[in-house]
Amino acid sequence: ILNVEQSPQSLHVQEGDSTNFTCSFPSSNFYALHWYRWETAKSPEALFVMTLNGDEKKKGRISATLNTKEGYSYLYIKGSQPEDSATYLCAQNTGNQFYFGTGTSLTVIP
Amino acid sequence: NAGVTQTPKFQVLKTGQSMTLQCAQDMNHEYMSWYRQDPGMGLRLIHYSVGAGITDQGEVPNGYNVSRSTTEDFPLRLLSAAPSQTSVYFCASSSRRVRGPGELFFGEGSRLTVL
């Protein structure tokens, strides 16, 4: 069982602010790091899958970086909008198993 | 495009009863998995399958059985429900890649209450 940790647990930002979250994971037996966005009353949806140390991915205003040597990934949101309000999950994939963090709940205040 | 379909969405059981949560996907994904979501905890893997006829245990398999007779379907069985199995259950599928499964596609979830 791996311990994947996310911080902060929750975050409130003003519309237009930029923000970032952290996902920490054990460096051992690493295959991939996944980020998911989970809106209330919906299912988690994939944002990024990263496999290589130094990976950087971007989708619109959202981007992510990966450091497998030190075991962390950052998710950045530039110019937050109310529609970005959701819980952001990260998960470490160790082959066929996934270990999820408890998520960061983001609320963007108009 | 249906994606991953879970049924039922809600179920109330009495302790000791059995039931099956159904999961079907229409994306021809080799990898399918079941998770439970409990307050204050991350999604935890119950069982997974990498293809028809192949299943394996995840982090919290006790009290659950699975089988994979077709690529499309991956049912989760509770043989004798316990209150500790009260949870929200998610099915997820993925295509296979060189380094493990790709992005997971989740169903809408099934909320189970065991009295």
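These lines cover the structure that appears in this document, whether it is placed above or below. None of these values were measured; they are calculated from a predicted model.

Definitions and limits used
- Residues numbered from 1 in each chain as written.
- Chains lettered and ligands numbered in written order.
- Predicted model: local features only at pLDDT ≥ 70, side-chain atom pairs only at ≥ 80, totals over all residues.
- Heavy atoms only, no water.
- Helix = DSSP H or I, 4+ residues; strand = E, 2+ residues; numbered from the N terminus.
- Buried < 20%, exposed > 50% of the residue type's maximum accessible area, 1.4 Å probe, protein only.
- Contact = heavy atoms within 4.5 Å.
- Areas by Shrake-Rupley, 256 points an atom, 1.4 Å probe, with all protein chains shown as cover.
- Core = buried A, V, L, I, M, F, W, Y, C linked by side-chain atoms within 4.5 Å.
- Salt bridge = Lys/Arg side-chain N within 4 Å of Asp/Glu carboxyl O.
- Pairing = 2+ DSSP bridges.
- Axes fitted to C-alpha atoms, helices over the stretch in contact; angles between N-to-C directions.
- Disulfide = S-S within 2.5 Å.
- Phe/Tyr/Trp six-rings, centres within 6.5 Å; stacked < 30°, edge-to-face > 60°.
- Lys NZ or Arg CZ within 6 Å of the ring centre and 35° of its normal.

Let us look at the overall build of chain B. Secondary structure summary: chain B contains 0 helices and 13 strands in total. Reading the helices (α) and strands (β) of chain B from amino to carboxyl end gives β-β-β-β-β-β-β-β-β-β-β-β-β. The dimensions of chain B, computed from C-alpha atoms along their principal axes, are 40 × 25 × 25 Å. Within the span of chain B, comprising 115 residues, buried residues form 49% of the whole. If you take every contact in chain B between residues at least 6 apart in sequence, the share linking residues at least 24 apart comes to 53%. Just so you have it, chain B exposes about 5400 Å², and 50% of that area is on carbon and sulfur atoms.

Turning next to the nonpolar core. Formed by 23 residues in total, the largest nonpolar core has its most connected members in A:Leu33, A:Trp35, A:Phe48, A:Leu75, A:Tyr88 and A:Leu106. Put simply, the parts of the chain that give this core at least two residues each are strand S2 (10–14), strand S3 (19–24), strand S4 (32–38), strand S5 (45–50), strand S7 (62–67), strand S8 (72–77), strand S9 (86–93) and strand S11 (104–109) of chain A. Membership of the second largest hydrophobic core comes to 19 residues, among which are B:Val66, B:Leu76, B:Tyr89 and B:Cys91.

As for its position among the elements, A:Asn93 is in strand S9. A:Asn93 sits in the buried class, given a relative accessible area of 0%. Not counting the four nearest positions on each side in its chain, A:Asn93 is found in contact with A:Asn29, A:Phe30, A:Tyr31, A:Ala32, A:His34, A:Phe98, B:Arg99, B:Gly100 and B:Pro101.

This paragraph deals with the pattern of salt bridges. Enumeration over the complete set of coordinates arrives at 6 salt bridges over all chains. For B:Lys9, the salt bridge goes to B:Glu108, with nearest N and O atoms at 3.4 Å. With B:Lys9 in the loop between strand S1 (4–7) and strand S2 (10–13) and B:Glu108 in the loop between strand S12 (105–106) and strand S13 (110–114), this residue pair connects regions lying 99 residues apart in the sequence. Note that B:Asp38 and B:Arg44 form a salt bridge whose closest N and O atoms lie 2.8 Å from each other. Residue classification places B:Asp38 among the buried residues on the basis of a relative accessible area of 9%. Connected through salt bridges with shared partners, the residues A:Arg37, A:Glu39 and A:Lys42 form a single ionic network.

Here the focus is the sheet that holds S8(A). Residues and elements named next belong to chain A. With respect to topology, 5 strands assemble into an open sheet ordered S1-S3-S8-S7-S6, the strand pairing being antiparallel. Strands at the two margins of the open sheet, each flanked by one partner only, are strand S1 (5–7) and strand S6 (56–59). When strand polarity is set aside, the average angle formed by the axes of neighbouring strands in this sheet is 15 degrees. Pairing analysis gives 6 bridges linking S7 to S8, with the strands arranged antiparallel.

With that out of the way, let us pick up the interface of chain B and chain A. Facing the 24 residues of chain B at the interface are 21 residues of chain A. If you list the elements that add at least two residues to the side of chain B that touches chain A, you get strand S4 (31–37), strand S5 (44–51) and strand S11 (100–101) of chain B.

The next thing to look at is the state of the cysteines. Residues and elements named next belong to chain A. This model, assessed by the stated rule, comprises 2 disulfides over all chains. Disulfide pairing places Cys23 opposite Cys90 at an S-S distance of 2.0 Å. Here the disulfide of Cys23 and Cys90 is right-handed, its torsion about the S-S bond being about 80 degrees. Placement of the pair is Cys23 in strand S3 and Cys90 in strand S9, with a sequence separation of 67 residues.

Right, let's talk about the sheet that holds strand S7 (residues 64–66) of chain B for a bit. Residue and element names in this part refer to chain B. An order of S1-S3-S8-S7 is seen for the 4 strands of this open sheet, with the pairing classed as antiparallel. Every other strand in the sheet has two partners, leaving S1 and S7 as the edge strands with one partner each. When the angles between neighbouring strand axes are averaged without regard to direction, this sheet yields 20 degrees. Alignment of S7 against strand S8 (residues 76–78), held across 3 bridges, turns out to be antiparallel.

Before going further, it helps to examine the packing of aromatic side chains. What the rule picks out here adds up to 14 aromatic pairs over all chains. Ring geometry for A:Phe25 versus A:Phe30: centroids 5.3 Å apart, planes at 25 degrees, classification stacked. The pair A:Phe25 / A:Phe30 is uniform in exposure class, with both members buried. Pairing A:Tyr36 with A:Phe100 gives two aromatic rings, centres 6.0 Å apart and planes at 40 degrees, and the pair type is tilted. Placement of the pair is A:Tyr36 in strand S4 and A:Phe100 in strand S10 (residues 98–100), with a sequence separation of 64 residues. Relative accessible area serves as the criterion here: at 8%, A:Phe100 is assigned to the buried category. A connected cluster of aromatic rings, assembled from ring pairs, spans A:Tyr36, A:Trp38, A:Phe100, B:Tyr35, B:Phe90 and B:Phe106. The side chain of A:Lys59 reaches across the aromatic face of A:Phe48, ending 5.9 Å from its centre.

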